[in-house]
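Geometric and topological summary
Okay, here's what each chain looks like letter by letter:
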Amino acid sequence: MSAISVEELKRRISAIPDGVEPSAGGSFISTGCPEIDLALPPPGLAGAAVHEVAGAGYQDRSAALGFALGLTARLLKERPGPLIWCQMRDHDRLHIHGPGLMAFGIDPDRLTKITLRRESDLLWALEEALDCPYVAGVVGILWSEKLYNFTASRRLSLRAKKSGVTALLVRSHHATGSSAAKTRWRIATAPSPASTQGKSMLPRPGRAGWRVDLTKSGTGWNKKWNVVWNHEAIRFDLASRVADRAPAADNGPAINNGPAFAQKPTAAVG
Amino acid sequence: MGLRSTTGLLLHKNQQQPSAKPAFAPLALVAMVSGGARIMAINPDAARSGVMVDQSLADARAICPVLQVHDSDPAGDLRDLEKLACWCIRYSPWVAADAPDGIIIDITGASHLMGGEDKLAEDLRHRLAGFGLQGRIGIAKTMGAAWAVSHFGAAPVNIVKDGDTATALAGLPIAALRVWSDTSDRLEQVGLKNIGALIGKPRAPLAARYGEDLILRLDQALGHRDESLAAIAPPPDYRTFSAFPEPLLLREQIQECLIDLATPMARLLEEKGYGARRFSLSIYRVDGDVRTLFVRTSALTHRADIMVRLISEKLAAMAEDYDPGCGFELVVLNAHDTEIITARQQELDHRPGMGERSAFDMLIDRYGNRLGFENVGRFVPCESHIPERSERLISITDAPTTAANWPDFTRHLQQGHMSGRPIALLPRPEQITAIAEVPDGAPVLFDWRRVSHRVVKAEGPERIAPEWWGRRSQEVEPTRDYFRIEDMDGYRFWIFRLGLYERLEKPSWYMHGLFP
């Protein structure tokens, strides 16, 4: 009897559901935060799959974008290769700012931005990028969706599985309904943890923080966390673990800040 | 330059209809000028009846009562001439239209492909007759001589062998040299009626009396001075073509021709070590219609599979509304912008299963050819403090090949604050209403897009002064003070105050970007 390695067996088994064998280079991307990694099926974000990120409400779209950028940063850290960024022309009048990408540890040189006019072109561009194994990943901003449905997501998933390229889709908060994506995340903005007093009378905003809700993962766990982005280590951290470094004297100036605006002391979010 | 043959082609202007009518049908084209309607062009039947060009319409009608009249359309004629010139590219890519009714083709090195100059001329005349045009063709070593024999030569086809140029020109009138008509009139008055009379005469007195232009044209015709051709379409660097004796009728056959042409083109480029950035495929229909498809690549390439793939996509897009008509008889593949290819170094870090970089280049090319290369871009830092100008998205074909120094740029821009810049900017800052407690502090309340926000955290101001050095003083924008603020619900914004309180009565506030 020929000896088959466990790895080979795993590959064959995972090919059974859709008939597509995963690429040899399939890997997993760690979010840098062990608690989050454990909730994802095999420890980490699956490398050859589609993942969707959506905001909880309309105003949370920048939070969703930020979380997606964090995942992108982890992806680029662990894999070589360029990243394709697909966005429709001026949608929602927001466009990505190069220096802002550096805050997430993303080197703007690795990005190639594709601007599209129609949603059908966007889906085509995503499929083409997923066919090219040289690409590290592809990010698609799908803020207006008329054509994206379960079938489209399934098509993208199969291509991702075959080529080993990761796809991250940022969807609008209206996005409900089933999808063939491996994981789905719902992001809401959370007030940032307190930090030191700034020059002005108000305290400084701290690191970007979000309430992250993993609504779909292969394991069936539905978990929520409060997460901040650590831009020095380029990883996600749980907010409760971030120590509140605000000195005790902060409460003094905060109270003197004009009685008309009662400000809640901004303690760490647990 | 060696042997240079030029074909000058003179078309009879009045042949707008197929000349299949045996009956007597005089036709004239008229145009309205200041004195009334004047005859601009006539056909042979009308000429035989006595109508002459430049007569008034009334006189012409008196001479020939059955004269048929159409409006002359010089602009349309010029367009048709240019279309025909484009069609003539099938013989050689160096073609220029010579208004009002001529075409000049430089067939150096191309005549052997048709089996010789006389076969080429015969083929050309035959095809023109098929279009309903009567052509007069002159082939000579210089452009001037070809023009002269085609316009004033005796036979419809005149081929001047090398060395016979002077003899062929000798019998032609001075007007054949393309000089002003008053020059040729004056020369005729003094008895110099033919070009032969000028050859060999002392040049200085002629130039002094009749102008330098006369001597220039004479030298150009005899080949002592060079004359260049301004081609109607930029000639390609390399071309391969296949012509079919029987026209092909199916669109799918174009695809097969493409594959058959791409292989020798790839071999040709590769042998010389060249690659090209632009390719075009021209399809010539039997009735003279020419359709050309262009594709571009971001990197030099000489691979046949890339050419075929890119052109096939364009072909598929065009195929829906392309009607082969009576068939197409010639397909030409051209390569433009060729340069020597340098081998590219393989990148060091590689993932298993990653494949080759060429697949990525191909992906970019497909995006560019389908969406337009201006929509495929890279970020490039710009030397500017103003945030909306501090980085640009430039098309991938213009992007510099060396990596930009982003860490230095950010350090310089934000004094090392890595999180000081938002991830997304509004394309144009939107005005908001804001109330600040102290004049140069952050606002405590603001309204944006009809939603109120109460500010609980703020950082700043970060002062960005306008760039006074590039502009006049009136155009300089006021200073901006940027604040990074967070509202009650945790949403984080990047806003600025335009103008300082000391200088402006009421400075205005704007929303510029969002933080995650």
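Every chain begins its residue count from 1, and numbering advances along the sequence as written. Chain A is the first chain written and ligand 1 is the first ligand written, with later ones labelled in order. Reporting of local features is limited, given that this is a predicted model, to residues whose pLDDT is at least 70; pairs of side-chain atoms are given and counted only at 80 or more, and all residues count toward the totals for whole chains, interfaces and linings. With hydrogens and water excluded, all non-hydrogen atoms of the structure serve as input to the side-chain values.

Details of the overall build of chain A
Let me state the cut-off plainly: Each helix is a run of DSSP H or I of at least 4 residues and each strand a run of E of at least 2, with the numbering of both proceeding from the N terminus. Throughout, exposure labels follow a simple rule: accessible area from a 1.4 Å probe, protein chains only, divided by the maximum for the residue type, with under 20% read as buried, over 50% as exposed, and the rest as partly exposed. Note on contacts: a residue pair is in contact if any heavy atoms of the two residues lie within 4.5 Å. Exposure was quantified through the Shrake-Rupley algorithm and a 1.4 Å probe, taking into account, for residues, occlusion by the shown protein chains and nothing else.
On a plain count of helices and strands, chain A comes out with seven helices and twelve strands. Here chain A, with 270 residues, has 57% of them falling under the buried criterion. If you take every contact in chain A between residues at least 6 apart in sequence, the share linking residues at least 24 apart comes to 72%. Within the structure as shown, chain A displays about 11400 Å² of accessible surface, and the carbon and sulfur contribution to it stands at 57%.

Some words on the confidence of the model for chain A
Any region with low pLDDT has predicted coordinates that should not be read closely. Residues and elements named next belong to chain A. Note the cut-off: Residue-level confidence of the predictor is summarised by pLDDT, bounded by 0 at the bottom and 100 at the top.
In the predicted model, chain A carries a mean pLDDT of 77, and the fraction of residues at 70 or more is 76%. For chain A, the element scoring lowest by mean pLDDT is helix 7 (residues 251-255), at 36; strand 8 (residues 166-171) scores highest, at 92. Contacts of residues 243-270 to residues separated by more than four positions or lying in other chains number 29 contacts, the stretch itself having pLDDT below 50.

Focus on the pairing of strand 4 (residues 83-88) of chain A
Residues and elements named next belong to chain A. Note the threshold: One bridge is not enough; two strands pair if DSSP finds at least two bridges between them.
With six of its six residues buried, strand 4 lies for the most part within the structure. The alternating pattern of strand 4 places Leu83, Trp85 and Gln87 and Ile84, Cys86 and Met88 on opposite faces, both of which are buried. With six bridges connecting them, strand 4 and strand 6 (residues 111-116) associate as parallel partners. Residue pairing for strand 6: tryptophan 85 is matched across the bridge by lysine 113.

Focus on the packing of helix 5 (residues 119-130) of chain A against helix 12 (residues 357-371) of chain B
Note the threshold: Here an axis means a line fitted to C-alpha atoms, over the contact stretch when the element is a helix, while the angle between two N-to-C directions is reported on a 0 to 180 degree scale. In these notes the angle categories are as follows: under 35 degrees is roughly parallel, over 145 is roughly antiparallel, 65 to 115 is roughly perpendicular, and the rest is oblique. Crossing handedness follows the turn of the near helix against the far one: under a right angle anticlockwise gives a left-handed crossing, and clockwise gives a right-handed one. Residue polarity is assigned by list, with Asp, Glu, Lys and Arg as charged and Ala, Val, Leu, Ile, Met, Phe, Trp, Tyr, Cys and Pro as nonpolar; anything else, Gly included, falls into the polar class.
At a minimum axis separation of 10 Å, helix 5 of chain A and helix 12 of chain B run at an interaxial angle of 165 degrees. Here helix 5 of chain A lies roughly antiparallel to helix 12 of chain B, going by the angle between them. As helix 5 of chain A runs across helix 12 of chain B, the sense of the crossing is right-handed. Facing helix 5 of chain A, whose interface residues are Asp121, Trp124, Ala125, Glu128 and Ala129 of chain A, helix 12 of chain B presents Leu363, Arg366, Tyr367, Arg370 and Leu371 of chain B. Split into classes, the residues belonging to the contact of helix 5 of chain A with helix 12 of chain B amount to six nonpolar, no polar and four charged.

Some points on the sheet that holds strand 2 (residues 27-33) of chain B
Within a sheet, neighbouring strands are paired by backbone hydrogen bonds and run either parallel or antiparallel to one another. Residues and elements named next belong to chain B. A sheet is described by the order of its strands in space; here three strands give the open sequence 3-2-4, paired in mixed fashion. The open sheet is flanked by strand 3 (36-42) and strand 4 (68-71), the only strands paired with a single partner. With direction set aside, neighbouring strand axes in the sheet form an average angle of 45 degrees. Where strand 2 and strand 3 come together, six bridges link them in antiparallel fashion. The partner of leucine 29 across the bridge, within strand 3, is alanine 41.

A closer look at the pattern of salt bridges
For clarity, the threshold we go by: Note on definitions: salt bridges are taken to be side-chain nitrogens of Lys or Arg within 4 Å of carboxyl oxygens of Asp or Glu.
One pass over the structure, following the stated rule, counts 29 salt bridges over all chains. In this structure, aspartate 121 of chain A engages arginine 370 of chain B in a salt bridge whose closest nitrogen and oxygen atoms are separated by 3.3 Å. Placement of aspartate 121 of chain A in helix 5 and of arginine 370 of chain B in helix 12 is noted, with the two residues assigned to different chains. Judged by relative accessible area, arginine 370 of chain B falls into the partly exposed class, the value being 46%. Put simply, aspartate 219 of chain B and arginine 203 of chain B hold a salt bridge, and the shortest N to O gap is 2.9 Å. Of this pair, aspartate 219 of chain B sits in helix 9 (residues 212-222) while arginine 203 of chain B sits in helix 8 (residues 203-210), and the two are 16 residues apart along the sequence. A relative accessible area of 4% means that aspartate 219 of chain B is categorised as buried. Overlapping salt bridges, with partners in common, bring together Glu127, Asp131, Arg155 and Arg159 of chain A in one network.

Quick look at the pairing of strand 7 (residues 135-140) of chain B
Regular strands show a simple pattern: their side chains alternate between the two faces of the sheet. All names here are of chain B. The criterion, for reference: Think of it like this: strands point away, you trace from the first strand over the helix to the second, and a clockwise trace means the crossover is right-handed.
Counted residue by residue, strand 7 has six buried out of six residues, so it is predominantly covered. Residues of strand 7 alternate between two faces, with Gly135, Ile137 and Ile139 on one and Arg136, Gly138 and Ala140 on the opposite face, all of them buried. Sheet analysis places strand 7 next to strand 8 (residues 157-159), joined by three bridges and oriented parallel. Across the sheet, glycine 138 pairs through a bridge with asparagine 158, a residue of strand 8. For the segment spanning strand 7, helix 5 (residues 143-152) and strand 8, crossover handedness is left-handed.

Concerning a nonpolar patch on the surface
Residue and element names in this part refer to chain A. Rule in force here: Grouping into patches uses exposed residues only, defined as over 30% relative accessible area, and leaves out salt-bridged ones; the cut-off is 9 Å for like charges and 5 Å for nonpolar side chains (Val, Leu, Ile, Met, Phe, Trp, Tyr).
On the surface, a cluster of nonpolar side chains totalling about 270 Å² of accessible area is made up of Ile4, Leu9 and Ile13. Mapping isoleucine 4 onto the fold places it in the segment before helix 1 (6-15). Judged by relative accessible area, isoleucine 4 falls into the partly exposed class, the value being 42%.

Quick word on the nonpolar core
For the record, the criterion: In these notes, a set of buried Ala, Val, Leu, Ile, Met, Phe, Trp, Tyr and Cys residues joined through side-chain atoms within 4.5 Å is what counts as a nonpolar core.
The biggest cluster of nonpolar side chains holds 62 residues, and the ones touching the most others in it are Phe67, Trp85, Trp185, Trp210, Trp225 and Phe236 of chain A together with Phe493 of chain B. The greatest single-element share of this core, amounting to ten residues, is contributed by helix 3 (residues 61-78) of chain A. Setting aside residues up to four positions removed in sequence, phenylalanine 236 of chain A forms contacts with Thr31, Gly32, Cys33, Ile36, Phe67, Gly70, Leu71, Arg74, Trp210, Val227, Val228 and Trp229 of chain A. Judged by nonpolar contacts, the second largest core, of 32 residues, contains Trp124, Val135, Val138 and Ala181 of chain A.

So, unusual backbone geometry
With glycine set apart, most residues show a phi of negative sign, and most peptide bonds adopt trans. Residue and element names in this part refer to chain B. Unlike most non-glycine residues, arginine 449 shows phi in positive territory, near 50 degrees. You can see arginine 449 is positioned in the loop between strand 16 (443-448) and strand 17 (451-464). In this structure, arginine 450 is a non-glycine residue whose phi angle is positive, near 65 degrees. Within the fold, arginine 450 resides in the loop between strand 16 and strand 17. With relative accessibility at 85%, the residue arginine 450 sits in the exposed group.

Quick word on helix 3 of chain A
An α-helical turn contains 3.6 residues, so any two residues separated by three or four positions project in the same direction. We apply this condition: Expected helix span is given by 1.5 Å per residue-to-residue step, counting one fewer step than there are residues.
With 18 residues, helix 3 of chain A should cover 26 Å at 1.5 Å per step; its first-to-last C-alpha distance of 26 Å lies within 8% of that length. Counting buried positions along helix 3 of chain A gives 16 out of 18 residues, so the element sits mostly inside the fold.

Comments concerning the packing of aromatic side chains
Our working rule: Ring geometry is summarised as follows: Phe, Tyr and Trp rings, the Trp one being its six-membered ring, pair when their centres sit within 6.5 Å, and such pairs are stacked at plane angles under 30 degrees, edge-to-face over 60 and tilted between the two. Geometrically, a charge over a ring is one whose NZ (Lys) or CZ (Arg) sits within 6 Å of the ring centre while staying within 35 degrees of the ring normal.
Counted by the stated rule, this structure contains 18 aromatic pairs over all chains. Residues phenylalanine 496 of chain B and tyrosine 510 of chain B carry aromatic rings whose centres are separated by 5.4 Å and whose planes lie at 20 degrees to one another, so their mutual orientation is stacked. On the criterion of sequence distance, the pair formed by phenylalanine 496 of chain B in strand 19 (residues 492-498) and tyrosine 510 of chain B in strand 20 (residues 508-515) is long-range, its members being 14 residues apart. When sorted by exposure, phenylalanine 496 of chain B lands in the same class as tyrosine 510 of chain B, which is buried. Here the aromatic cluster, defined as three or more aromatic residues joined through ring pairs, consists of Phe67, Phe104, Trp185, Trp210, Trp229 and Phe236 of chain A. Just above the ring of phenylalanine 373 of chain B sits the side chain of arginine 296 of chain B; from NZ or CZ to the centre is 4.9 Å. For the cation-ring pair, arginine 484 of chain B lies above phenylalanine 515 of chain B, with the distance from its terminal atom to the ring centre recorded as 5.0 Å.

Quick word on the side chain of threonine 166 of chain A
Residue and element names in this part refer to chain A. To be explicit about the condition: The term polar contact refers here to a pair of N or O atoms within 3.5 Å; inside protein, the definition further demands a hydrogen-donor-capable atom paired with an acceptor-capable atom, and it admits residues adjacent in sequence only when both atoms are side-chain atoms.
Among the secondary structure elements, threonine 166 is positioned in strand 8. In terms of polar contacts, threonine 166 uses its side chain to reach the backbone carbonyl oxygen of glycine 47, at 2.4 Å. Other than its neighbours up to four places away in sequence, threonine 166 contacts Ile29, Ala46, Gly47, Ala49, His51, Leu75, Arg79, Ala136, Gly137 and Val138.

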